[in-house]
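# Reading the structure
Residues per chain, in single letters:
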Amino acid sequence: MSDLAQLARAWATYPDFWEPKLSKDGRWAAWTWTGPTEAGNVWLAPTDGSAAPRGVTDEADHIYVRAFSPDSKRLLLAQSEGSSEHDHLILLDLESGARTQLTLKQDDHYIFGGTFTRDGRSVLYAASWDDATRTAIDGQRLYLHDLESNIRRIVGASESLSDVPPEFSDDGRFVLYHRHERHPGGSQVWLLDLKNGGDREILNLGDDRKAYGSWIDDKRILVWAEGETHDRVGVLGLPQREMQWLIDDPKRSIDDAVAGVDGRSVAILEFRQGALHATQLDLAAGAERPMEVSDHSLLPLEQLPSGHWLCERYSSRAPHELVRFEPATGTAVDISRTAHHLAGPSMRFVPAQLYHWRSGDGTEIAGWLYEPQGESRGLIAHIHGGPTWHSEDWVNGSIQFLVSAGFTVLDPNYRGSTGYGRAFREAIKQDGWGGREQTDIRAGIESLVEAGKAKRGRIGIMGLSYGGYSSWCQITKSADLVNAAVPICGMYQLAIHYEQTGMPHGRDYSEEMMGGTPAEQPERY
């Protein structure tokens, strides 16, 4: 095996985290790792760091954690064949290893969520499938699935499909879920009463605005919502539906908020120029305390009953770790021990450098620049997917491989990316896909040429999903600058993508981004 092939193999096996979950008692964390095995498999570890993680699945297809059972003895898992995203649900007994298939393997609908009832006898999830008609649908049905009989019943329905999982209230009577029938770019919060069947909208801040809710307790719902110019965080009180905004500051870019289990704490996920700065908000006092560790970003996921938080700790300079974080002391205990699962101790992590440039219309764009040791073999623009997402100062195995192989890499956060405020995130909708965000990418490449960090004739581009689409755009529209492209799962014709995708939520997303359907906006598509 050549040195380059060995290097590729090493970075291909780098452990990437997917969907970490915390047990109800706070003693265990489970997650999927892609990298250590050919497919993504589930790992389990104690949150006190007392033992190394152990694999609890060994699958040929990726498998992900949806939830722990209330007694922490079982996991609800989701798996699709060939990574099609057409999941079926599986119940795994952690003590015996016994598996029970809850839903059939299928290839025509989508299942979101999966949470246990308080007694652990049933699970709740949403699916774009109607048992009454035996057909896949564009909307969703909420199912309550009895685990003993393996029989499920429809408890709720809507004509839109939300990828936000439905949640039980603490007493198990109510289900919080989301709908967007009136506009593909909106999201409204709904409350379903399992006792009397009542189903009502409890929060609508605008048909085309997103609002997401999660339970704090039976009487309070934590809300993250889009405002006119910025994103806000507040608490919705029940049953009066009184809204109290906790953070309503146009100078802050709040991407999410996570309710703690203690009923007092909320983790605020704020980004400043694409870098995460998390805080813990005391609901009673209104005070915020930084959640931070030295030289790393810290992403709070769930709060333990002890008051600690399950977090992801990351940087481009070290392996990504799952940790238990103590807010009072700022200390973190490693749970995942990722460094022990690297292909070799000699793997070198190349640090990301924050890099800025001006786009064609003068808009400042930021991204991450990675430079190799010695003379560069060329520049590769590595474009993130989404586009409603953004790259951070973290380890990306593909980028680390390319830099270790001698290439300079630019990882741009073009307009439309999250992490830079609502206006920047929404700016991509002004043109639709293929507009000024592609100018942002080209301008970044040109700025590196001007700075002497890249040479014409030695410039490539690559990306997955929307990054693949951008690769197609650049190799065709910027053929005078870009010499090679690797579009991975990239759409090459947006109208075909819209018509042929089997994802109802994918079509909604296209309509939101493009301002309508291909029939309504043919020039944009």
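This write-up is about the structure you can find in this document. (Residues numbered from 1 in each chain as written. Predicted model: local features only at pLDDT ≥ 70, side-chain atom pairs only at ≥ 80, totals over all residues. Heavy atoms only, no water.)

Within the chain, the secondary structure is distributed over seven helices and 34 strands. Taken over C-alpha atoms, the radius of gyration comes to 23 Å for the chain, in line with the 24 Å a tight globule of 525 residues would show. On the principal axes, the C-alpha backbone points of the chain span a range of 65 × 55 × 50 Å. Looking at the chain residue by residue over its 525 residues, the buried ones come to 56%. When contacts within the chain are restricted to residue pairs at least 6 apart in sequence, those whose partners lie at least 24 apart make up 46%. For the chain, the exposed area adds up to about 22500 Å²; of that, 48% sits on carbon and sulfur atoms. Here the chain holds 52 positive side-chain charges and 75 negative ones, and the gap between their average locations is 2 Å. (Helix = DSSP H or I, 4+ residues; strand = E, 2+ residues; numbered from the N terminus. Rg over C-alpha atoms; globule rule 2.2 N^0.38 Å. Buried < 20%, exposed > 50% of the residue type's maximum accessible area, 1.4 Å probe, protein only. Contact = heavy atoms within 4.5 Å. Areas by Shrake-Rupley, 256 points an atom, 1.4 Å probe, with all protein chains shown as cover. Lys, Arg positive; Asp, Glu negative; His and termini not counted. Charge placed at Lys NZ, Arg CZ, Asp CG, Glu CD.)

Turning next to the pattern of salt bridges. As enumerated under the stated definition, the model contains 36 salt bridges in all. The partner of Arg-425 in a salt bridge is Glu-426, and the shortest N-O contact between them spans 4.0 Å. Among the ionic contacts, a cluster of salt bridges with common partners joins Lys-210, Glu-226, Asp-231, Arg-422, Arg-425, Glu-426, Lys-429 and Glu-512. (Salt bridge = Lys/Arg side-chain N within 4 Å of Asp/Glu carboxyl O.)

Look at helix 4 (residues 436-450) against helix 5 (residues 466-477): their axes get within 11 Å of each other, and the N-to-C directions meet at 70°. In terms of axis orientation, helix 4 runs roughly perpendicular to helix 5. On helix 5, the residues touching Glu-437, Gln-438, Ile-441 and Arg-442 of helix 4 are Tyr-466, Tyr-469, Ser-470, Cys-473, Gln-474 and Lys-477. (Axes fitted to C-alpha atoms, helices over the stretch in contact; angles between N-to-C directions. Parallel < 35°, antiparallel > 145°, perpendicular 65-115°, else oblique.)

A separate point is the packing of aromatic side chains. Under the definition given, this model contains 21 aromatic pairs. Summarising the aromatic geometry, the rings of Tyr-177 and Trp-190 are spaced 6.4 Å apart at their centres and angled 45° between planes, so their arrangement reads as tilted. Residue Tyr-177 is located in strand 14 (residues 174-179), and its partner Trp-190 is located in strand 15 (residues 188-193); the two are separated by 13 residues in the primary sequence. Seen in terms of ring centroids, Tyr-314 and Trp-394 are 5.6 Å apart; in terms of plane orientation they differ by 55°. Their pairing is tilted. Of this pair, Tyr-314 sits in strand 26 (residues 309-315) while Trp-394 sits in the loop between strand 31 (379-383) and helix 2 (397-404), and the two are 80 residues apart along the sequence. (Phe/Tyr/Trp six-rings, centres within 6.5 Å; stacked < 30°, edge-to-face > 60°.)

This paragraph deals with the sheet that holds strand 21 (residues 254-259). Read from one edge to the other, the open sheet built from four strands follows the order 21-22-23-24, with strand pairing classed as antiparallel. Here the strands that pair on one side only, and so sit at the sheet edges, are strand 21 and strand 24 (288-291). Pairwise comparison of adjacent strand axes, ignoring direction, gives a mean angle of 25° for this sheet. By the bridge criterion, four bridges tie strand 23 (residues 275-282) to strand 24 in an arrangement that is antiparallel. For Thr-279, the partnering residue across the bridge sits in strand 24 and is Pro-290. (Pairing = 2+ DSSP bridges.)

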